Amino acid sequence: MTAPDAPRLIDVHAHFVTESYIRQARAAGHERPDGMPGWPAWSPAAHLDLMDRCGIGTAMLSLSSPGVHFGDDAAARRLAREVNEESARVVREHPGRFGLFASLPLPDVDGALDEIAYAFDTLGADGVVLETNTHGVYLGDARLEPVFAELARRDAVVFLHPTSPVCWEQSALGRPRPMVEFIFDTARTVTDLLFAGTLERHPDLKVVVPHCGGALPVLADRVNGFMRLFSPKDQGTPDVIAHLRRLHYDLAGTPFPRQVPALLSLVDPDRLLYGSDYCWTPPAAAEAHVASVDAAPVPATMTGAVPGTVTGAVPGESVTWRSLTTANAQRLLPRLAAR
């Protein structure tokens, strides 16, 4: 059990499903989504029960892979509106306990722009969730520039979520795609954003990268070298590392003992956020994940700092992963405090 005086986590990587959504996804051929055995069950009551057991104060609801676009733009627009309205209803009915990262019907740009306006102006969304690719259209694709321009204009939080790459039939080797393919598709789409110049054009985009950055921490220097080698000389020398250090990263998956140390070799602690990956992570595994975060030692570079100089530190109190990630999330999502 979580200590009663421990900071309550803000979970930026939390999912929901509805019966209608599952029915439509199955009709589109997603009986075993991304190679997983089946669909999870979800309800607000079950989610709140898990949150209370784990000391999670607020969970940001988002739709996971395979998203809402199954091949038809009009159907994707209807489904995005349906799941966004349903999750917004859950947020309203449980003040302070849930937030909303709205789904967009990409790669339908006009539909996405319409849904951005509705999600923020009518539903009060806290941000959007973008799959790493939709039918092979990755996030650096030039066709998506109007979407990123609008999100940047709105100072929106952009939560990335991995999905299966288009080549999964060969690359996944018959195994569940979340195990390895998700990790590399995350790195692939962020690299695409870098090479396309999207992060350069919109330096203040508040992008959350899942699963400790996927493969990015170990690929960052390699990507940096290739960008310097192949970028036009008249456009200056891009700095991949600087761009990656401005992004935010959640701890969903297996952060300890190896992924977080690798991530901290790339970014500062003030970029780290808590994520459970519930309901796709079963309750028992989600509880074990929280326990691993609570039990993980805080690096000496953080504990040895002067109190108050490390994000999440309070004078006279020690820094924990809970206090750190909660303070970081409160800065990223200031509207949560008003609920």
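Above this text is the structure in question.
Rules and cut-offs
- Residues numbered from 1 in each chain as written.
- Predicted model: local features only at pLDDT ≥ 70, side-chain atom pairs only at ≥ 80, totals over all residues.
- Heavy atoms only, no water.
- Phe/Tyr/Trp six-rings, centres within 6.5 Å; stacked < 30°, edge-to-face > 60°.
- Helix = DSSP H or I, 4+ residues; strand = E, 2+ residues; numbered from the N terminus.
- Buried < 20%, exposed > 50% of the residue type's maximum accessible area, 1.4 Å probe, protein only.
- Lys NZ or Arg CZ within 6 Å of the ring centre and 35° of its normal.
- Contact = heavy atoms within 4.5 Å.
- Polar contact = N/O pair within 3.5 Å; in protein donor to acceptor, adjacent residues only side chain to side chain.
- Pairing = 2+ DSSP bridges.
- Expected span 1.5 Å × (residues − 1).
- Arc of directions from axis to C-beta.
- Lys, Arg positive; Asp, Glu negative; His and termini not counted.
- Salt bridge = Lys/Arg side-chain N within 4 Å of Asp/Glu carboxyl O.
- Axes fitted to C-alpha atoms, helices over the stretch in contact; angles between N-to-C directions.
- Parallel < 35°, antiparallel > 145°, perpendicular 65-115°, else oblique.
- Left-handed = near helix turned anticlockwise from the far one by under 90°.
- Nonpolar A, V, L, I, M, F, W, Y, C, P; charged D, E, K, R; others polar.
- Core = buried A, V, L, I, M, F, W, Y, C linked by side-chain atoms within 4.5 Å.

Asks: I'd like a rundown of the packing of aromatic side chains, residues and numbers included.
Replies: The tally for this structure, following the rule as stated, stands at seven aromatic pairs. Ring centres 5.5 Å apart and planes at 55° place the aromatic pair W39 and W280 in the tilted group. Here W39 is found in the loop between α1 (19–27) and α2 (44–54), whereas its partner W280 is found in the loop between β10 (272–273) and α12 (283–295), with 241 residues between them in sequence. Assigned by exposure class, W39 and W280 land together as buried. Three or more aromatic residues joined by ring pairs form one cluster here, namely Y21, W39, F70 and W280. Over the face of the ring belonging to W168 we find R177, whose NZ or CZ atom lies 3.6 Å from the ring centre.

Asks: Help me get a handle on the environment of D155, residues and values and all.
Replies: Examined against the element boundaries, D155 turns out to sit in the loop between α5 (145–153) and β7 (157–161). Sequence separation of D155 and I22 is 133 residues, and the distance between their C-alpha atoms is 31 Å. Not counting the four nearest positions on each side in its chain, D155 is found in contact with D204 and K206. A distance of 3.1 Å separates a polar atom in the side chain of D155 from a polar atom in the side chain of K206.

Asks: Can you tell me about the sheet that holds strand β4 (residues 127–131), naming the residues and giving the values?
Replies: Within the open sheet, the eight strands sit side by side as β1-β2-β3-β4-β7-β8-β9-β10. Their pairing is parallel. Every other strand in the sheet has two partners, leaving β1 (9–15) and β10 as the edge strands with one partner each.

Asks: Outline α12, supporting the account with residue identities and numerical values.
Replies: For α12, which comprises 13 residues, the first-to-last C-alpha distance of 18 Å matches the rise-based estimate of 18 Å (1.5 Å per residue) to within 8%. Those residues of α12 not exposed but buried are A286, H289, V290 and V293. The arc enclosing the buried residues of α12, seen along the axis, measures out at 95°, which places them on a common side. Exposed and oriented more than 90 degrees from the buried face of α12 are A284 and A295.

Asks: Hey, could you go over the side chain of E181 for me, with residue numbers and the actual values?
Replies: On the secondary structure map, E181 appears in helix α7 (residues 177–196). Notably, E181 is buried but unbridged: the nearest opposite-charge side chain belongs to R188, and the N-O separation is 5.6 Å. Apart from residues no more than four positions distant in its own chain, E181 is found in contact with P165, S171 and A172.

Asks: Tell me what's going on with the packing of α7 against helix α9 (residues 216–230), and back it up with residues and numbers.
Replies: Between α7 and α9, the least distance of the axes is 11 Å, while the angle of their chain directions is 30°. Judged on the interaxial angle alone, α9 and α7 are roughly parallel. In the packing of α7 onto α9, the handedness of the crossing is right-handed. Taken together, the residues of α9 that come into contact with α7 (itself represented by A187, V190, T191, L194 and F195) are L216, L219, V223, F226 and M227. The residue inventory of the contact of α7 with α9, partitioned by class, reads nine nonpolar, one polar and no charged.

Asks: Mind laying out the nonpolar core, listing which residues take part and the relevant values?
Replies: In terms of nonpolar packing, the biggest core is built from 84 residues, with L130, L151, L244 and W321 touching the most fellow members. Element by element, the count of residues in this core is highest for helix α3 (residues 73–93), at six residues. Setting aside chain neighbours within four positions, we find L151 in contact with I116, F120, V128, L130, A156, V158 and L205. One finds V12, F101, L273 and A329 within the second-largest nonpolar core, a separate group that totals 13 residues.

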